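A structural walkthrough
So the chains spell out like this:
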Amino acid sequence: MFELPEYINLAKQINAALNGKTIQCGNLGNSPHKFVWYNRSQEEFTDLTQGKKIGKSHAKGRWLFIPFEPGYTLLFGECGGKILFHQADSKLPKKYHLYLTFTDLSFLTATTQMWGAMELYEQGEEFKREYVKDMRPTPIDPEFTFTYFNALMDESIGQKKRSTKSLLTQEQLIPGLGNAIAQDILFNAGLHPRHPIDDLDHAQRGKLYAGIMDTVEEITEQGGRYDEFDLFGQKGGYVRIMDKNALERPCPQCEGEIKKIQYLGGACYFCPNCQQ
Ligand SMILES: [Zn+2]
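Note that the structure is a prediction, hence the values are computed from the model and not measured.

**Here's the deal with helix 1 (residues 4-17)**
An α-helical segment advances 3.6 residues per turn. Residues three or four places apart therefore align on the same side. Counted at 1.5 Å a residue, the expected span for helix 1 with its 14 residues is 20 Å, and the 20 Å between its end C-alpha atoms agrees. The buried fraction of helix 1 amounts to 11 of the 14 residues, a majority that puts the element mostly inside the structure. Of all the residues in helix 1, the buried ones are Leu4, Pro5, Glu6, Tyr7, Ile8, Asn9, Leu10, Ala11, Gln13, Ile14 and Asn15. Where helix 1 is buried, its residues meet strand 4 (58-60), strand 5 (63-69), strand 6 (72-77), strand 7 (82-86), helix 5 (179-189) and helix 6 (202-221).

This is the structure in structure tokens:
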């Protein structure tokens, strides 16, 4: 699944490669998939997208906004899989859930693995969509300051017992973060995934905040994680510190043994020595 850094990167690459292109034909998928969320019929989609120009895209949380000028926005959300740009004369992938051709004969395909939204809105309506409309500040927003983060933690503590992993991955308290990035954030912050947040002192809160900001920045700078693909089909350059491969190597900090637990909807890897 794409997380915030991959979405930031895709938006950047789309702006460099697609900005100003004119859509010749817009198609939805050729491969039925129960968990791709569309809001248009094939006919409607083709009709509304024809002749539109690609505007300036941006990412927020796990959502990617691509303006189709004039008047519309294509919204990709909560997707994994591949969003790929193809030069003219490239081979069309066998399976796709969205396919746009441009007047210069280059094209774009999107194929999701698990689920994901591929929806077309009249401009402005996309911000009224569930999950988009009430989205909290994300780590790349200027509002996401340490003061804001502290207030978010205080608010979360008031609601229920919450752990560090829960804060990072549940209920989109910090939109754009997922299970994968959370594990590296916690390693960088030196915190155990089950550590209750009501127990964090000021310095630990600071470490967690820095862990979020630094990890998001580093993954983004390296073009996303090594197990995800960019717009050109290239794997990202960021090798995850804590994933299943970590079990086979020593902790990069203390050289101790990495452990795996099942916790909050997925495997969780951490160093018991560095993350107490
Ligand atoms: Zn360690």
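**A word on the nonpolar core**
Counting 30 residues, the largest nonpolar core has Leu64, Phe68, Phe76, Ile83 and Leu98 as the members making the most contacts within it. Setting aside its immediate chain neighbours within four residues, Phe76 contacts Arg62, Trp63, Leu64, Ile66, Ile83, Leu98, Ala110, Ala117 and Met118. If you look at the next biggest cluster of nonpolar residues, it comprises 26 residues, including Ile174, Leu177, Ile197 and Val216.

**Thoughts on the packing of helix 1 against helix 6**
Running from N to C, helix 1 and helix 6 cross one another at 40°; their axes reach a closest spacing of 8 Å. Judged on the interaxial angle alone, helix 6 and helix 1 are oblique. Like other packed secondary-structure pairs, helix 1 and helix 6 cross with a definite hand, here right-handed. Seen from helix 1, the contacting residues are Leu4, Pro5, Glu6, Ile8, Asn9 and Lys12; seen from helix 6, they are Val216, Ile219 and Thr220. Of the residues contributing to the contact of helix 1 with helix 6, the split by class is 5 nonpolar, 2 polar and 2 charged.

**Topic: the side chain of Thr22**
Secondary-structure assignment places Thr22 in the loop between helix 1 and strand 1 (23-28). Within the structure, Thr22 has its side chain in polar contact with the side chain of Lys53 (distance 3.3 Å). Those residues in contact with Thr22 that sit more than four places away from it in its chain are Gly51, Lys52, Lys53, Thr101, Phe102 and Thr103.

**Here's the deal with the layout of surface pockets**
Quantified by volume, the largest pocket comes out at close to 660 Å³. Along the wall of the largest pocket there are 29 residues; nearest its centre are Met1, Glu3, Arg62, Glu78 and Asn179. Top element by residues in the lining of the largest pocket is helix 5. It accounts for 3 residues. Here the lining of the largest pocket is built from residues that sort into 11 nonpolar, 4 polar and 14 charged.

**Some details on a nonpolar patch on the surface**
A cluster of nonpolar side chains, namely Phe35, Trp37, Met114 and Trp115, defines an oily patch on the protein surface of about 380 Å² accessible area. Structurally, Phe35 can be placed in the loop between strand 1 and strand 2 (36-37).

**Overview of the coordination of the zinc ion**
Taken together, Cys251 (SG), Cys254 (SG), Cys271 (SG) and Cys274 (SG) make up the full set of protein donors to the zinc ion, lying 2.2 to 2.4 Å away. Coordination at the zinc ion is tetrahedral: its 4 donor atoms span angles of 102 to 114° at the metal. Each donor residue of the zinc ion lies on the same chain, and together they follow the pattern C-x2-C-x16-C-x2-C.

**Concerning the packing of aromatic side chains**
Under the counting rule described, the total for this entry stands at 10 aromatic pairs. Taking the centre distance of 6.3 Å and the plane angle of 90° together, the rings of Phe85 and Phe232 count as edge-to-face. With a gap of 147 residues between them, Phe85 in strand 7 and Phe232 in the loop between helix 6 and strand 11 (259-262) connect regions that are remote in the sequence. Judged by centre distance (5.7 Å) and plane angle (85°), the rings of Tyr99 and Phe107 are edge-to-face. Relative accessible area serves as the criterion here: at 16%, Tyr99 is assigned to the buried category. Stacked on the ring of Phe229, the Lys or Arg Lys82 has its end atom at 4.5 Å from the ring centre. The lysine or arginine in question, Arg194, covers the ring of Tyr263, its NZ or CZ lying 4.5 Å from the ring centre.

**Some words on the environment of Leu108**
Note that Leu108 resides in strand 9 (residues 107-111). Its relative accessible area of 1% is what places Leu108 among the buried residues. On a C-alpha basis, the gap between Leu108 and Leu98 in space is 8.0 Å, while along the polypeptide they are 10 residues apart. Not counting residues up to four positions away in its chain, the partners in contact with Leu108 are Leu18, Ile83, Leu84, Phe85, His86, Leu98, Tyr99, Leu100, Phe102 and Leu231.

Thresholds, definitions, all that
Residues numbered from 1 in each chain as written. Predicted model: local features only at pLDDT ≥ 70, side-chain atom pairs only at ≥ 80, totals over all residues. Heavy atoms only, no water. Helix = DSSP H or I, 4+ residues; strand = E, 2+ residues; numbered from the N terminus. Expected span 1.5 Å × (residues − 1). Buried < 20%, exposed > 50% of the residue type's maximum accessible area, 1.4 Å probe, protein only. Contact = heavy atoms within 4.5 Å. Core = buried A, V, L, I, M, F, W, Y, C linked by side-chain atoms within 4.5 Å. Axes fitted to C-alpha atoms, helices over the stretch in contact; angles between N-to-C directions. Parallel < 35°, antiparallel > 145°, perpendicular 65-115°, else oblique. Left-handed = near helix turned anticlockwise from the far one by under 90°. Nonpolar A, V, L, I, M, F, W, Y, C, P; charged D, E, K, R; others polar. Polar contact = N/O pair within 3.5 Å; in protein donor to acceptor, adjacent residues only side chain to side chain. 1 Å grid on protein atoms, 1.4 Å probe; cavity = no way out; pocket = protein on both sides within 12 Å on 5 of 7 lines; lining within 4 Å. Points joined across faces, edges and corners; volume = space filled by probe spheres on them. Patch = residues over 30% accessible without salt bridge, like charges linked within 9 Å, V, L, I, M, F, W, Y side chains within 5 Å. Areas by Shrake-Rupley, 256 points an atom, 1.4 Å probe, with all protein chains shown as cover. Salt bridge = Lys/Arg side-chain N within 4 Å of Asp/Glu carboxyl O. Donors = N, O, S within 2.8 Å, 3.2 Å for Na, K, Ca; no water. Tetrahedral: all angles 85-135°; square planar, octahedral: opposite > 155°, others 65-115°. Phe/Tyr/Trp six-rings, centres within 6.5 Å; stacked < 30°, edge-to-face > 60°. Lys NZ or Arg CZ within 6 Å of the ring centre and 35° of its normal.

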